[in-house]
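Working through the structure, step by step
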Amino acid sequence: MRALKPQFITVEGGEGVGKTTNIAFIRKWLEQQGLDYVATREPGGTPLAEEIRGLLVNPREEVVDENTELLLMFAARAQHLSQVIRPAMNAGKWVLCDRFTDATYAYQGGGRGMAVEKIAQLETLVQGSLRPDLTLLLDIGVEQGMARASERGAPDRFEQEKLAFFHAVRDCYLARAAAEPRRYRIIDASQPLSQVQSAIGEALEAFVDAIHD
Ligand SMILES: Nc1ncnc2c1ncn2[C@@H]1O[C@H](COP(=O)(O)OP(=O)(O)O)[C@@H](O)[C@H]1O
Ligand SMILES: [Mg+2]
């Protein structure tokens, strides 16, 4: 067992980039390192937050106000943080999360065009100073990601958006990664899965080496 301070790792990226697929790989990697961890996802991760996820992603006739969407995202996050993420870290466990607040910046900020300041205010309200320690951004061309996601079946409320929305989401993710290079590792997710996983493995090794110093 390595005695490392518990770390909060998030996996980000647009539709179909391979987040869920690669979370399975990262779980195995954490197990091989003998690290105790909790793997979870957003929006969701608790029964109540998963109900809120349903409210957010299920297609509906009624127009969803952008503030409603933003507040539901952070309502789910508050629940997830208090019931899962903070207790896990307080118990010395690493946390691996399929999407987190970067996705709110990318989707509600980039995609919907909401003001970054609004998102930042809610981020501070709900998270205090808690931020991920490492964010793996899986990056792929929008069309290629959509093609992968479409193989999964009927599109959810976000997947029904137009191409311009997803370009804005991707651009926002890349801009955030460029602005904060110490936290983010950009992984070229267009490669065959074995190469994506090698790149993720290398990023994780480098991250662990850096926190040992
Ligand atoms: N590197 C890859 N090359 C080819 N197909 C992939 C790759 N990574 C994931 N996939 C496939 O793409 C689809 C979407 O992957 P998924 O992990 O569900 O993406 P996400 O969770 O990011 O939306 C799945 O069918 C998955 O098997
Ligand atoms: Mg997924």
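Above this note sits the structure.
Residues numbered from 1 in each chain as written. Chains lettered and ligands numbered in written order. Predicted model: local features only at pLDDT ≥ 70, side-chain atom pairs only at ≥ 80, totals over all residues. Heavy atoms only, no water.

**Quick look at the environment of L48**
- In this fold, L48 is placed in helix 2 (residues 47-57).
- On the basis of relative accessible area, L48 is assigned to the partly exposed category, the value being 43%.
- As a C-alpha pair, L48 and A76 span 28 residues in sequence and 7.4 Å in three-dimensional space. (Helix = DSSP H or I, 4+ residues; strand = E, 2+ residues; numbered from the N terminus. Buried < 20%, exposed > 50% of the residue type's maximum accessible area, 1.4 Å probe, protein only.)

**What to know about the pairing of strand 3 (residues 94-98)**
- With five of its five residues buried, strand 3 lies for the most part within the structure.
- Burial along strand 3 is two-sided: the residues W94, L96 and D98 and V95 and C97 are all buried.
- Note that strand 1 (residues 8-12) and strand 3 share four bridges and pair parallel. Among the inter-strand pairings, F8 is bridged to a residue of strand 3, identified as V95.
- Strand direction decides the pairing type here: strand 2 (residues 37-41) and strand 3, joined by five bridges, are parallel. Counted as the bridge partner of T40 is C97 from strand 3. (Pairing = 2+ DSSP bridges.)

**Side note on the site of ligand 1**
- In the neighbourhood of ligand 1, 14 residues make up the surrounding shell, with K19, T20, T21, R152 and Q191 lying closest.
- In the environment of ligand 1, an oxygen atom lies 2.9 Å from a nitrogen or oxygen atom belonging to the backbone of G16.
- Within the contact set of ligand 1, a nitrogen atom lies 3.3 Å away from a backbone nitrogen or oxygen of L193.
- Look at ligand 1: alone it shows 560 Å² of surface, and the protein chains cover 74% of it.
- Listed by contribution, the elements that provide at least two residues to the shell around ligand 1 are helix 1 (19-32) and helix 8 (193-212).
- With three residues, helix 1 is the largest single contributor of residues to the shell around ligand 1.
- In terms of residue class, the shell around ligand 1 is built from five nonpolar, six polar and three charged. (Near = heavy atom within 4 Å. Polar contact = N/O pair within 3.5 Å; in protein donor to acceptor, adjacent residues only side chain to side chain. Areas by Shrake-Rupley, 256 points an atom, 1.4 Å probe, with all protein chains shown as cover. Nonpolar A, V, L, I, M, F, W, Y, C, P; charged D, E, K, R; others polar.)

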